[in-house]
Amino acid sequence: MNISQAHFDSTHGEVIADIDKDHFKAIKDALTAKGAQVIVLDYPIVRDEEECIECGACISVCHVNVFSFSRDWSLEMDTDKCIQCGTCIKMCPHNALTLEH
Ligand code: SF4
Ligand code: SF4
């Protein structure tokens, strides 16, 4: 298991880790038994390019830097970084972002 990101504060904690398929069930069961919620990050954010007006609001709210502007000010996405928190969906003024499960 490789931990790529961890965040803890006084109210909650989050850990993002790469786990190979052979060990996933055992690790998931162990964490769940201790009260943790385990989510598989297989479905990153999706942008509807017809709806997106490239306002940049999502850039400022995504704390793992999925969004950025290219040199010509078009919106670029690095969806491999998405942790499916859903924050950008609420901030998008054109409802251009979705998470599909
Ligand atoms: S907030 Fe929505 S409309 Fe604005 S750049 Fe992001 S996806 Fe596009
Ligand atoms: S769902 Fe969360 S992590 Fe994924 S792009 Fe939106 S704000 Fe970033």
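It should be emphasised that the depicted structure is a prediction, and the values quoted were computed from it without experimental measurement. (Residues numbered from 1 in each chain as written. Chains lettered and ligands numbered in written order. Predicted model: local features only at pLDDT ≥ 70, side-chain atom pairs only at ≥ 80, totals over all residues. Heavy atoms only, no water.)

A. Expanded view of the site of ligand 2. With respect to spatial proximity, the complete set of residues near ligand 2 consists of I45, C62, V64, V66, F67, C82, I83, Q84, C85, G86 and C88. When atom positions are compared with the pocket grids, ligand 2 is found to occupy the second largest cavity. In terms of residue class, the shell around ligand 2 is made up of nine nonpolar, two polar and no charged. (Near = heavy atom within 4 Å. 1 Å grid on protein atoms, 1.4 Å probe; cavity = no way out; pocket = protein on both sides within 12 Å on 5 of 7 lines; lining within 4 Å. Sits in = over half its atoms within 2 Å of the grid points. Nonpolar A, V, L, I, M, F, W, Y, C, P; charged D, E, K, R; others polar.)

B. Inspection of the environment of L75 at higher detail. Within the secondary structure, L75 is located in strand 5 (residues 75-77). Counting along the chain gives 16 residues from L75 to I59, while the straight-line C-alpha distance between them is 8.8 Å. Among residues more than four places away in sequence, those in contact with L75 are R47, C52, E54, C58, I59, F67, S68 and F69. (Helix = DSSP H or I, 4+ residues; strand = E, 2+ residues; numbered from the N terminus. Contact = heavy atoms within 4.5 Å.)

C. Up close: the site of ligand 1. Near ligand 1, the surroundings consist of C52, I53, E54, C55, G56, A57, C58, L75, C92, P93 and L97. Cavity membership is defined here by more than half of the atoms lying within 2 Å of grid points; on that basis ligand 1 lies in the largest cavity. For the shell around ligand 1, a count of residues per class yields nine nonpolar, one polar and one charged.

D. Seen up close, the pattern of salt bridges. Under the criterion given, the structure shown has four salt bridges. R47 is the salt-bridge partner of E49, the closest N and O atoms lying 4.0 Å from each other. For E49, a relative accessible area of 60% corresponds to the exposed category. On the basis of relative accessibility, which here comes to 19%, the residue R47 falls in the buried class. In this structure, R47 engages E54 in a salt bridge whose closest nitrogen and oxygen atoms are separated by 3.9 Å. (Salt bridge = Lys/Arg side-chain N within 4 Å of Asp/Glu carboxyl O. Buried < 20%, exposed > 50% of the residue type's maximum accessible area, 1.4 Å probe, protein only.)

E. Fine view of empty space enclosed by the protein. Following the criterion strictly, the structure yields two cavities of 30 Å³ or more and no others. If you add up the space inside the largest cavity, you get close to 80 Å³. Looking at the largest cavity, it is lined by 13 residues, and the ones nearest its centre are C52, E54, C55, C58 and C92. Looking at the lining of the largest cavity residue by residue, the classes come out as nine nonpolar, two polar and two charged. Lining the second largest cavity, in full, are I45, C62, V64, V66, F67, C82, I83, Q84, C85, G86 and C88. Split into classes, the residues belonging to the lining of the second largest cavity amount to nine nonpolar, two polar and no charged. (Points joined across faces, edges and corners; volume = space filled by probe spheres on them.)

F. Structural context of the side chain of R47. Note that R47 resides in strand 3 (residues 46-47). Those residues in contact with R47, other than ones at most four positions away along the chain, are C52, E54, L75, M77, A96 and L97.

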